[in-house]
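Given next are the chains, with one letter for each unit.
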Amino acid sequence: MSLDAARLQPMANAIRALSMDAVEAANSGHPGMPMGMADAATVLFTKHLKFDPAAPEWADRDRFVLSAGHGSMLIYSLLYLTGYAAPTIDDIRNFRKLGSPCAGHPENFLLPGVECTTGPLGQGLAMAVGMAMAERHLNAVYGDDLVDHRTWVVAGDGCLMEGINHEAIGLAGHLKLGRLNVLWDDNRITIDGATDLSTSEDIKARYIATGWHVTECDGHDFADIDRALAEAKADPRPSLIACRTLIGKGAPNKQGTSGVHGAALGAAEVVAARETLGWAHEPFVVPSEILADWHSAAEPGRAAHGAWAGRLEASAHKDDFLAQMAPIAPRVPTAIEGYIRGLAAAPQKVATRKASEMALGPLTAAIPQLVGGSADLTGSNNTKTPSTLPMTAEDYAGRYVYYGIREFGMAAAMNGMALHGGIVPYGGTFLIFSDYCRNAIRLSALQQTGVVYVMTHDSIGLGEDGPTHQPVEQVMSLRLIPNLNVYRPCDTIETAECWALALSTPETPSVLALTRQNLPQLRGEGDADWTMASNACAKGGYRLRAGGAGRKVVLVATGSEVALAVECAEVLEAQGIGADVVSMPCTELFDAQPEAYKADLLPHDALIVSIEAGSTLGWERYTGRSGLNIGLDSFGASAPAEDLFAHFGFTAEKIVPQILSKLKN
Ligand SMILES: Cc1ncc(C[n+]2csc(CCOP(=O)(O)OP(=O)(O)O)c2C)c(N)n1
Ligand SMILES: [Mg+2]
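Residues numbered from 1 in each chain as written. Chains lettered and ligands numbered in written order. Predicted model: local features only at pLDDT ≥ 70, side-chain atom pairs only at ≥ 80, totals over all residues. Heavy atoms only, no water.

Comments concerning the nonpolar core
Grouped together as the largest cluster of nonpolar side chains are 83 residues, with contacts concentrated most on W499, L555, I611 and F650. When sequence neighbours within four positions are dropped, the list of residues in contact with W499 reads S356, A359, L360, L363, Y426, V452, V454 and L512. Core analysis: the next-biggest nonpolar cluster, separate from the first, contains 61 residues, M131, W184, A242 and A513 among them. (Core = buried A, V, L, I, M, F, W, Y, C linked by side-chain atoms within 4.5 Å. Buried < 20%, exposed > 50% of the residue type's maximum accessible area, 1.4 Å probe, protein only. Contact = heavy atoms within 4.5 Å.)

This is the structure we're talking about:
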């Protein structure tokens, strides 16, 4: 399509009209950003973005990330205008209403073409970094014929001001992700007013300092925008394109002010905007010749898709490529079976972080989609295996990312890789710093990605580093996040079982909470012929040891406290008190079991005792109000782990008397 402004301007104004009308109808939403970025987006979609509306999942499409997610009407307008099956004009009419895929902020699970869920400022751009990493990795493995696309981002002042932006662009600059191009909506307005209320930063200098190429353009001059985007594409570095824009452009009395950021324009201003824009059409009506121009913008992408399909058909790597893009769950059982059977034959007393590394050995060897990493704690998280060589700017084929001390950036990048497809990312840090990643973990869950978080040093059991490093509330608080499986395995076999489960739930992310300290192997009996079907952790909780006759007590424990529960049970049994031990590596999976299974494990006629070296809040749902909850509801302390467990009451000598006294009452 030519850069004829007479043709492009009505196309851009269609975005403006749809955006202001949808926000008006909902009486809620953000018209300013889509109206301000309509011209830049029109040049991007008509001249640069590689996309095929008929195939939103096409592997070699360019990725478009609307990091400034509040401007959701921008992407809804673009998807409708270019001819995606959804949203329909009725969906747009119902913007922000129950049942419409045009939600307040773009949701990847509601609309094909929305690559990721955005709205939490800064994370869209940080996920785009992960998408660009995935592209370079798959390109290195499969070559230009099959993988050769760009990642485009529209980000606002807010995305660039967030702390995660520093982590994300540092990683992108270091990895020289030249196919990542960020259009910055440089409108110098945020909610509170002009940006000079809160910042004096030289953003361009910061990007240059992190290894980025920076250019700028008049965000309302089609030729200038096109020039800047072409320059960004040509530069081997990731690019920031500062698009100088007027927020709410076209609304004559409100443009350029924060008043247009997040509220309907109002009937009078909508009339005035129609006049200013020369848009005489009814709300939600786009004249057919403008729609036809928009549809023709998709032609080059359609042709590119056809050519790509031909290359795939002819490629010697076709089968491998399709396997790379397919779900990995079917590969997991055979990858792990032999290893677990070996553990049954030769038990090992190791930390579960070490057990995780041991499980990752055969898993990463058999499953090329696994790309690991750590936020500068590789030797502590035990995340690297011989199969995962470093991914670097010189060799993107590597499968291990040195994320640096960028926990939030790592988590967001992993979301981006998972959403890109072809990669199943896992990454490590200390469990205590899960809080640094927390909103990205939440987005893993909301976006239904299979990211795996390897969170080691999971309790006071880490010892001397003290309370700043000792998780207390983290395990329980992560359990609060919907669609997130939190695993706390108790030994080598459970750790491998939990890994196998984590890699078998492509739409549910997982956290593995792992110990620093060694733990005895409790499993093995009955595991000589282990198969995925006999994976005991799959039910979330299971009876590890059955008590003797006259069972009066059920001890429910996780991770490092399961061995302690076994010890307590032995003391009770010696006194003639039957005590079961239930290992509960994943409460989420347990909660999903049939009532009869749960009632059999946690019967009403027994005293239920939970033991977990962390917050007790929440354990009542398993122990009942008359049960006993052994845990830690204060900060830890700095000392050797054994001393801490004794000090905080995690010994059979301290726990058994409490059980006996409860039984008497
Ligand atoms: C992490 C986060 N903090 C706060 C918000 C609330 N919020 C939404 S938009 C916005 C201002 C963003 O300013 P800018 O990116 O410049 O957008 P513009 O006003 O230019 O459209 C804020 C604070 C959010 N969505 N995410
Ligand atoms: Mg702004």
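So that's the structure; there's more coming.
What about the site of ligand 1?
Residues in close proximity to ligand 1 total 15 residues, the closest being H70, G119, G158, N187 and H261. For ligand 1, a nitrogen atom lies 3.1 Å from a polar atom in the backbone of L121. At 3.0 Å from an oxygen atom of ligand 1 is found a side-chain nitrogen or oxygen belonging to D157. Contributing elements (two or more residues each) for the shell around ligand 1: helix 6 (157-161) and strand 4 (189-190). (Near = heavy atom within 4 Å. Polar contact = N/O pair within 3.5 Å; in protein donor to acceptor, adjacent residues only side chain to side chain. Helix = DSSP H or I, 4+ residues; strand = E, 2+ residues; numbered from the N terminus.)

A short note on the sheet that holds strand 7 (residues 239-244)
On the basis of which strands lie adjacent, the open sheet formed by five strands has the order 1-2-3-7-6 and parallel pairing. The open sheet terminates on both sides in strands that have one partner only, identified here as strand 1 (63-66) and strand 6 (213-218). Between one strand and the next, the sheet's axes are offset by a mean angle of 20°, whatever the strand orientation. One ladder, built from six bridges, connects strand 6 with strand 7; its direction is parallel. The residue bridging V214 from the neighbouring strand is L240, located in strand 7. Packing against the sheet, helix 5 (residues 123-142) makes contact with strand 1, strand 2 (151-155) and strand 3 (180-186), and its axis sits at approximately 175° to strand 2. Lying on the sheet, helix 9 (residues 222-234) is in contact with strand 2, strand 3, strand 6 and strand 7; it crosses strand 6 at an angle near 170°. (Pairing = 2+ DSSP bridges. Axes fitted to C-alpha atoms, helices over the stretch in contact; angles between N-to-C directions.)

Describing the pattern of salt bridges
Scanning the entire structure with this criterion turns up 32 salt bridges. Note that R63 and E115 form a salt bridge whose closest N and O atoms lie 3.9 Å from each other. Remark: E115 occurs in the loop between helix 4 (89-93) and helix 5 and R63 occurs in strand 1; sequence separation between them is 52 residues. Owing to a relative accessible area of 0%, R63 belongs among the buried residues under this scheme. We classify E115 as buried; its relative accessible area is 11%. Between E135 and R136 there is a salt bridge, and its shortest N-O distance comes to 2.7 Å. Judged on exposure class, the residue E135 and its partner R136 are both buried. (Salt bridge = Lys/Arg side-chain N within 4 Å of Asp/Glu carboxyl O.)

Things to note about the sheet that holds strand 18 (residues 578-583)
Within the open sheet, the five strands sit side by side as 16-18-17-19-20. Their pairing is mixed. If you trace the sheet from one side to the other, it starts and ends with strand 16 (542-545) and strand 20 (628-630), each paired once. If you compare each strand with its neighbour and ignore which way they point, the axes differ by 30° on average. Pairing geometry for strand 17 (residues 551-557) and strand 18, over six bridges, is parallel. Looking at strand 18, one finds that L555 is bridged to V581.

Structural notes on the packing of aromatic side chains
One pass over the full model with this rule turns up 16 aromatic pairs. Ring centres of Y142 and F321 lie 5.3 Å apart, and the angle between their planes is 85°; on these two criteria the pair is classed as edge-to-face. With a gap of 179 residues between them, Y142 in helix 5 and F321 in helix 13 (residues 318-325) connect regions that are remote in the sequence. The two residues Y142 and F321 agree in class, both being buried. Three or more aromatic residues link up through ring pairs in this structure, and these residues are F45, F51, F64 and Y84. Taking NZ or CZ as reference, K384 lies 5.7 Å from the ring centre of Y400, over its face. (Phe/Tyr/Trp six-rings, centres within 6.5 Å; stacked < 30°, edge-to-face > 60°. Lys NZ or Arg CZ within 6 Å of the ring centre and 35° of its normal.)

So, the packing of helix 12 (residues 299-314) against helix 13
The contact between helix 12 and helix 13 brings their axes to 7 Å, and the two run at 115°. When the interaxial angle is binned, helix 12 and helix 13 end up roughly perpendicular. Between helix 12 and helix 13, the contacting residues are W308, L312 and E313 on the first element and K318, F321 and L322 on the second. Along the lines of polarity and charge, the residues of the contact of helix 12 with helix 13 split into four nonpolar, no polar and two charged. (Parallel < 35°, antiparallel > 145°, perpendicular 65-115°, else oblique. Nonpolar A, V, L, I, M, F, W, Y, C, P; charged D, E, K, R; others polar.)

Points about helix 10 (residues 267-277)
Regarding helix 10, the residues found buried are E269, V270, A272, A273, R274 and L277. Those residues of helix 10 that are buried lie in contact with helix 1 (5-26). Directly beyond the C-terminal end of helix 10, a positive phi value near 65° is found at G278.

Regarding the side chain of T587
Turning to its location among the elements, T587 is positioned in helix 22 (residues 587-591). Setting aside its immediate chain neighbours within four residues, T587 contacts R479, V486, W619 and Y622.

A closer look at empty space enclosed by the protein
Taken as a whole and judged by the stated rule, the model has three cavities of 30 Å³ or more. When its volume is computed, the largest cavity comes out at roughly 110 Å³. F51, D62, Y84, G113 and E115 are, among the 14 residues lining the largest cavity, the residues nearest its centre. Taken together, the residues of the lining of the largest cavity sort by class into nine nonpolar, one polar and four charged. (1 Å grid on protein atoms, 1.4 Å probe; cavity = no way out; pocket = protein on both sides within 12 Å on 5 of 7 lines; lining within 4 Å. Points joined across faces, edges and corners; volume = space filled by probe spheres on them.)

Things to note about the environment of A22
Turning to its location among the elements, A22 is positioned in helix 1. On the basis of relative accessible area, A22 is assigned to the buried category, the value being 0%. In this structure the C-alpha to C-alpha distance between A22 and G550, which are 528 residues apart in sequence, comes to 67 Å.

Examining the coordination of the magnesium ion (ligand 2)
Within the first shell, the magnesium ion (ligand 2) binds the protein through D157 (OD), N187 (OD1) and I189 (O), at distances of 2.1 to 2.2 Å. As a motif over one chain, the donors of the magnesium ion (ligand 2) read D-x29-N-x1-I. For the pair formed by N187 and I189, the shared burial category is buried. (Donors = N, O, S within 2.8 Å, 3.2 Å for Na, K, Ca; no water.)

Some thoughts on the layout of surface pockets
Considered as a void within the structure, the largest pocket measures approximately 880 Å³ in volume. A418, L419, G421, Q448 and P506 are, among the 36 residues lining the largest pocket, the residues nearest its centre. Within the residue set of the lining of the largest pocket, elements represented by two or more residues are helix 13, helix 17 (407-420) and strand 11 (424-430). With three residues, the single largest contributor to the lining of the largest pocket is helix 17. Counted by class, the lining of the largest pocket contains 19 nonpolar, 12 polar and five charged residues. Taken together, 17 residues form the lining of the second largest pocket, with N518, L519, S560, E642 and F645 sitting closest to its centre. Broken down by secondary-structure element, the contributors of at least two residues to the lining of the second largest pocket are strand 15 (518-519), helix 21 (561-574) and helix 25 (641-647).

Here's the deal with the pairing of strand 18
Summarising burial for strand 18: six of the six residues are buried, a large majority. Covered by surrounding structure in strand 18 are G578, D580 and V582 together with A579, V581 and S583, the residues of both alternating faces. Bridge count between strand 16 and strand 18: three bridges; the pairing is antiparallel. Following the sheet pairing, R545 is matched in strand 18 by V581. Since strand 17 and strand 18 lie parallel, the crossover through helix 21 that links them has a hand, and here it is right-handed. (Right-handed = clockwise from strand over helix to strand, strands pointing away.)

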